[in-house]
Structure formats: C-alpha cells, structure tokens
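Spelled out from the first residue to the last, the chains are:
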Amino acid sequence: MTMPWPLFLLLLKLLGRRRRFESIEGLRAAVERDRKTASAEPPASVRKRCAIGRRQVGGHDCYTLAPLSGAGPVQLLYLHGGAHVAEISPFHWRLLAEFAETTGCVAHVPIFPLAPEHTYRPAYAMVNEIYRGLAAVHDLRQLVLMGDSAGGGLALALAQGFAALGQPQPRDIVLISPWLDLTVSNPAIPAREADDPWLARPGLAEAGRWWAGSEDPGLPHLSPVHGPLQGLGRLTVFIGTRDLLLADCLALRDRAAAQGVHVEMHEAPGMVHVWPLLPVKQAMAARAAIAGIVRGRD
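Cut-offs and rules
Residues numbered from 1 in each chain as written. Predicted model: local features only at pLDDT ≥ 70, side-chain atom pairs only at ≥ 80, totals over all residues. Heavy atoms only, no water. Helix = DSSP H or I, 4+ residues; strand = E, 2+ residues; numbered from the N terminus. Rg over C-alpha atoms; globule rule 2.2 N^0.38 Å. Buried < 20%, exposed > 50% of the residue type's maximum accessible area, 1.4 Å probe, protein only. Contact = heavy atoms within 4.5 Å. Areas by Shrake-Rupley, 256 points an atom, 1.4 Å probe, with all protein chains shown as cover. Lys, Arg positive; Asp, Glu negative; His and termini not counted. Charge placed at Lys NZ, Arg CZ, Asp CG, Glu CD. Polar contact = N/O pair within 3.5 Å; in protein donor to acceptor, adjacent residues only side chain to side chain. Core = buried A, V, L, I, M, F, W, Y, C linked by side-chain atoms within 4.5 Å. Pairing = 2+ DSSP bridges. Right-handed = clockwise from strand over helix to strand, strands pointing away. Salt bridge = Lys/Arg side-chain N within 4 Å of Asp/Glu carboxyl O. Axes fitted to C-alpha atoms, helices over the stretch in contact; angles between N-to-C directions. Patch = residues over 30% accessible without salt bridge, like charges linked within 9 Å, V, L, I, M, F, W, Y side chains within 5 Å.

Helix and strand counts for the protein come out as 11 helices and eight strands. Taken over the C-alpha trace, the protein has a radius of gyration of 18 Å; the compact-globule value for 298 residues is 19 Å, and the two agree within 12%. Considering only C-alpha atoms, the protein reaches an extent of 45 × 40 × 40 Å along its principal axes. A total of 298 residues make up the protein; the buried ones form 55% of that total. Once local pairs closer than 6 in sequence are excluded, the contacts in the protein between residues at least 24 apart make up 78%. Summed over all atoms, the accessible surface of the protein reaches about 12200 Å², with 56% contributed by carbon and sulfur. If you average the places of the 30 positive and of the 27 negative side-chain charges in the protein, the two averages end up 4 Å apart.

This is the structure in structure tokens:
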C-alpha cells in the first residue's frame, strides 16, 4: 500500500521527525523515547512473508530473512540506518522482505550496538565477523553489501576496511541516502538543509560524536567520504535532491572520479532522505533498480 507523496510530506511534518535533529536536546529526548518503545524484532507481517532465523554474533542478534519459496545463491548483508542511535524500523524489515521475495536472496541483518551507549567499535567488530563468515563460505560474486543512511556510511567504511586488510570485496556495495561524513561539515550542506524536511545538522553532528567516542569523527574509518575508493566492489548510490546528505554523495562521486573509480549515482529529483524505503509510489522504481542489482547485472 502506498500513500500520495504530498500526504507523506505532510505526515513527516506533523510527526515532527526533523525536531530530533534540530538540537542536541531534541536528539537526546528522541533517543530516550526510542529506547522505551523500539523493538528490533521483525514484525509479524514480515514473519508471514519470510523464513526468519536468528543467531548471536558477539553477544548481539543477527537475523536472516529468506524467501518461503526457497533461497537462491545471493547473500545480502544489510546495515540499517538511524543516525547510529535509532533501532531498525518496520520500514527496513518490509524492504528486506520485499528483496527476499523478489530476488530470492538471503538477507543478513545485524542488530548492532548503538550510540550513545556504545561507540562504533563493537558494531564494527560484529559486522566484520559476519562478513568474514559469509565470505568464507559463499561465492563472492553472490555477496552484496547494502546500507541506508548511517548504515550506508557504515557499509562503505567497512568495505574500505576490508580492502585495507586484504579481505575480499563484495560484488556490489549499495548505499541508500548514505551518511558519509559524521561531521556534517561540507560547506554545501547549509544551502540544502533548508529544503530538507527530515534532517538537520545539530543532532546529526552530535550523534556522530557519540558514535566516534574519543576519536575524531572526521577520520576516514568513520567518515568514509575521506577514505580510499580504489579496489572496492561496484558502488551504487541512491540519493534524493531534498536530502542534505546529497552534498557528501556528490563529493564521493567527485573523489571517486579523481581516483579512477566509477560510482553509479541515482539522484532522484524532489525526493527526501531514504525515500526508497518509504510507502510512496516514487519509491517503487528505486526498489526495482536495487532488486536488479541484488539479482546480479552480469
């Protein structure tokens, strides 16, 4: 079921989604509310559509979603967004259930530790362990790394870490509205911020500091727009023009070109943050394109 785009934008405003990012106090209040109400478990509707598995990695849950009709060879490692402070949402689960059904993939979904209770370190360790396990037993031509928002930045940072350690790369790296620089300091961002109905700099920057802990959040292993892009799997980015993170996605494209690396950019006019996850008609083409990448383009 989808809703008209103007109605969704109105709902976004009425729910005050942007308020959690407009100040540090708003972010803290939102995190406190989320901890009392959010659940990381797949909703009942997804359990009816997919075969659900769960295992522990580093003391934290990692779910698997597989199609009820039988899984194909593709393994999808998905890292959810939420500014590194919010738990996985029903929007994420529905997207992953759709991919499992339409592509036959098995989706691996780490429920990694969040800030401010944790820094990035245990999350990186958890996802690295999961990735190494997948790479050890599956054909790398059937391995896809994907993330949205903060999870998109995490996915790119981890892929850069794999390359630095000489680990094999995934066939494809798909980034949906990725948060690529935790400092939110790109000089092109303020001009875009006024047109973004979802995100704002103060809360994002504070969340980035929580995630980085005692380290500089601008370092490449935390803000991968500053890291090397050679030797990675194929990079595809989906970003909307009403997303303040577009500034860093364009910077990523330019840095990649300077390093002789191609980034396939899907820049959607008028779309907001993580629009492919949203229940709107405009998201359908993006999800179909992502599903095509998951299935394999060769």
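Turning to the side chain of threonine 103, a few remarks are in order. With respect to the secondary-structure elements, threonine 103 resides in helix H5 (residues 90–103). Here phenylalanine 99 takes part through its backbone oxygen, which lies 2.6 Å from a polar atom of the side chain of threonine 103. Within the structure, threonine 103 has its side chain in polar contact with the backbone nitrogen of cysteine 105 (distance 3.2 Å). Excluding anything up to four places from it in sequence, threonine 103 contacts Ala291, Val294 and Arg295.

Take the nonpolar core next. Core analysis: the biggest nonpolar cluster contains 105 residues, and Leu79, Trp93, Met146, Trp179, Trp198 and Trp211 have the highest contact counts within it. Here the element with the most residues in this core is helix H6 (residues 120–137); it accounts for nine residues. Not counting chain neighbours up to four residues away, the residues in contact with tryptophan 179 comprise Ala83, His84, Ser149, Ala150, Gly153, Val184, Leu204, Ala207, Gly208 and Leu245.

Okay, the pairing of strand E5 (residues 143–148) next. Along E5, six of the six residues are buried, which leaves the element largely enclosed by surrounding structure. One ladder, built from five bridges, connects strand E3 (residues 75–79) with E5; its direction is parallel. Each residue of the ladder has a partner; that of leucine 79, found in E5, is glycine 147. The pairing of E5 with strand E6 (residues 172–176) spans five bridges and is classified as parallel. Bridge assignment links methionine 146 to a residue of E6, and that residue is valine 174. With helix H7 (residues 150–164) bridging E5 and the parallel E6, this β-α-β connection has right-handed handedness.

With that settled, consider the pattern of salt bridges. For the structure on display, the rule yields 16 salt bridges. Across the salt bridge formed by lysine 36 and glutamate 32, the nearest N and O atoms sit 3.8 Å from each other. Remark: glutamate 32 and lysine 36 occur in helix H3 (residues 24–37); sequence separation between them is four residues, near one turn of the helix. On the basis of relative accessibility, which here comes to 66%, the residue lysine 36 falls in the exposed class. A residue is classified by how much of its surface remains accessible, and glutamate 32, at 48% relative accessible area, is partly exposed. In this structure, the salt-bridge partner of arginine 54 is aspartate 61, at a minimum N-O distance of 3.8 Å. Among the charged side chains, a salt-bridge network with shared partners connects Arg28, Glu206 and Arg209.

Turning to the sheet that holds strand E7 (residues 234–240), a few remarks are in order. With respect to topology, eight strands assemble into an open sheet ordered E1-E2-E4-E3-E5-E6-E7-E8, the strand pairing being mixed. Of all strands in the sheet, those with a lone pairing partner are strand E1 (50–57) and strand E8 (263–268), marking the two edges. For this sheet, the mean inter-axis angle between neighbouring strands, taken without regard to orientation, is 20°. Each of E1, strand E2 (60–67), E3, strand E4 (106–110) and E5 touches H5; the most contacted strand, E2, lies at about 40° to it. Packed on one face of the sheet, H7 meets E3, E5, E6 and E7 and runs near 140° to E5.

Before going further, it helps to examine a nonpolar patch on the surface. On the surface, Leu7, Leu10 and Leu14 cluster together to form a nonpolar patch covering roughly 300 Å² of accessible area. For leucine 10, the location among the structural elements is in helix H1 (residues 5–14). A residue is classified by how much of its surface remains accessible, and leucine 10, at 43% relative accessible area, is partly exposed.

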